[in-house]
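Remarks on the overall topology
One letter stands for each residue in the lines below.
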Amino acid sequence: MMEFRQAPMAFSLFFFSSDSEAAGGGRYDHLLEIARLADEAGFQAIWTPERHFHRFGGIFPNPAVISAAIAAQTKRIRIRAGSVLLPFHHPIRAAEDWSIVDNLSGGRVDLAVTYGWHPRDYVFAPDVFETRKQVLFDRLETMQRLWRGESLNFPSATGEDTPARIYPQPVQARLPIWITTSRTVETWRKAGEIGANILTALYAIDQRTLSENIAVYRAARAAAGHEGEGTVTAMLHTFIGECMEEVREVVRKPFIEYILRHTELYDEAAVAKALDIDPSLITDKHRRTLASMSFERYIKNSSLIGTLETASTMVASMSAIGVNEIACLIDFGVPHEQVKQSLIWLDRLRMAHGNPDQGKEIRA
């Protein structure tokens, strides 16, 4: 095993499959199998998202339901939403759902929350789309108060204020929160001010911008008087193998198809801007070109796709700019058995950069 010593890096696993149209329930069986392996090995957490109305991430419409299943089959790993679209939910219902998971897991729930970006997602709450950022933080504050056991007044059907508190009461006295953000500096600053953690990714920013945003976040956190520097979790697409050429051969096609499905969420203007061409000229060929370009960028400096050595260099780079945890997105289309083989290499990376005394090594 490689020798590497620096500030320990935490490693978690992130799920965001685009395989939403295949028949059967095997996709969830695969997730739960990997959750059990990660739990035994000592990974920090399992993340599942909230997505609606599209095959990209569409098997995750309710992370609380999936998290309850994970809770029933694990013992120590943290169980996280990445991320709850809080403006879609009444804060009472959100607090109730996650309090159940907290009870099922013995107090292992963490929540990343966000306000989303696509207007069509807001069929759940069309009246708050324009104010979604403020709504997010208002509802988060309300949810935290309910989580602490406070009774708050809410309007009833008669228009009168009715006191409400949540049942069951959660195991944790305080719900650990991550704010999901990437490019929006003000959201980084707001997360620091309220003492939340950060969930981010390199799909819309480079490492230099990430470093600058982390500095803004930590300055705001310190100015607000919060203890500690907070956790910055960076989501990185991950597949590790013994040989770089073999890794490229395994990953290239499924990764490009994965990115293509993601670009379906963007209109022609967004694709044209990325390629610097006229929006009226955009075709499927242009979208595939963009996906191929994205693959090369990710594999070069924005992912953990590679060998143990290249991944180690990326971990060191993330650590140097202030990232505390890497959330490894592993379900982007590579066959399940190959994902499990990659997990063996990822576990070795975790042990080299994190806490090697935690859990047991994953073996073939």
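Preceding block: the structure.
Note that the structure is a prediction, hence the values are computed from the model and not measured.

Section: the environment of arginine 36
Here arginine 36 is to be found in helix H1 (residues 26–41). A C-alpha to C-alpha distance of 6.6 Å links arginine 36 and glutamine 73, two positions 37 residues apart in sequence. Setting aside its immediate chain neighbours within four residues, arginine 36 contacts Gln73 and Thr74.

Topic: the packing of aromatic side chains
Overall, the coordinates contain 10 aromatic pairs when judged by the stated rule. Relative to phenylalanine 16, the ring of phenylalanine 14 lies with its centre 6.4 Å away and its plane at 5 degrees, an arrangement referred to as stacked. In this structure, phenylalanine 14 and phenylalanine 16 share a single accessibility class: buried. Through pairs of rings, three or more aromatic residues link up here, namely Phe255, Tyr258, Phe295, Tyr298 and Phe332. Directly above the aromatic system of phenylalanine 137 lies the positively charged group of lysine 190, at a separation of 5.5 Å from the ring centroid. When the ring centre of tyrosine 298 is taken as reference, the NZ or CZ atom of arginine 297 above it lies at 4.6 Å.

Considering the packing of H1 against helix H11 (residues 336–353)
Following both chains from N to C, one finds H1 and H11 inclined at 20 degrees, their axes separated by 12 Å at the closest point. Classified by the angle between their axes, H1 and H11 sit roughly parallel to one another. For the pair H1 and H11, the sense of crossing is right-handed. For the pair formed by H1 and H11, the contact residues are His30, Glu33, Ile34, Leu37 and Ala41 on the first element and His336, Val339, Lys340, Leu343, Asp347 and Arg350 on the second. Of the residues contributing to the contact of H1 with H11, the split by class is 5 nonpolar, 2 polar and 4 charged.

What counts, and where the lines are drawn
In every chain, residue numbers begin from 1 and rise along the written sequence. Per-residue local features of the predicted model are confined to residues with pLDDT of at least 70, and side-chain atom pairs are confined, for both listing and counting, to 80 or more; whole-chain, interface and lining totals are unaffected and use all residues. To obtain the side-chain values, all non-hydrogen atoms of the structure were included, while hydrogens and water were left out. Secondary structure elements follow DSSP: runs of H or I no shorter than four residues count as helices, runs of E no shorter than two count as strands, and numbering proceeds from the N terminus. Residues count as neighbours in contact if any of their non-hydrogen atoms are within 4.5 Å of one another. Only Phe, Tyr and Trp rings take part, Trp by its six-membered ring, and two of them pair if their centres are within 6.5 Å. Stacked means planes under 30 degrees apart, edge-to-face means over 60, and tilted covers everything else. Summary of the burial criterion: residues with accessible area below 20% of their type's maximum are buried, those above 50% are exposed, and those between are partly exposed, where the area comes from a 1.4 Å probe applied to protein chains only. Lysine and arginine charges are scored as sitting over a ring when NZ or CZ, respectively, is within 6 Å of the ring centre and within 35 degrees of the ring normal. Here the axes come from fitting lines to C-alpha atoms, over the contacting stretch only for helices, and the angles between their N-to-C directions go from 0 to 180 degrees. We call two directions roughly parallel when the angle between them is under 35 degrees, roughly antiparallel when it is over 145, roughly perpendicular when it lies between 65 and 115, and oblique otherwise. By convention, the crossing between two helices is left-handed when the near helix turns anticlockwise from the far helix through less than a right angle, and right-handed when the turn is clockwise. By the convention adopted, Pro, Cys, Tyr, Trp, Phe, Met, Ile, Leu, Val and Ala count as nonpolar, Lys, Arg, Asp and Glu as charged, and the other residues, Gly among them, as polar.

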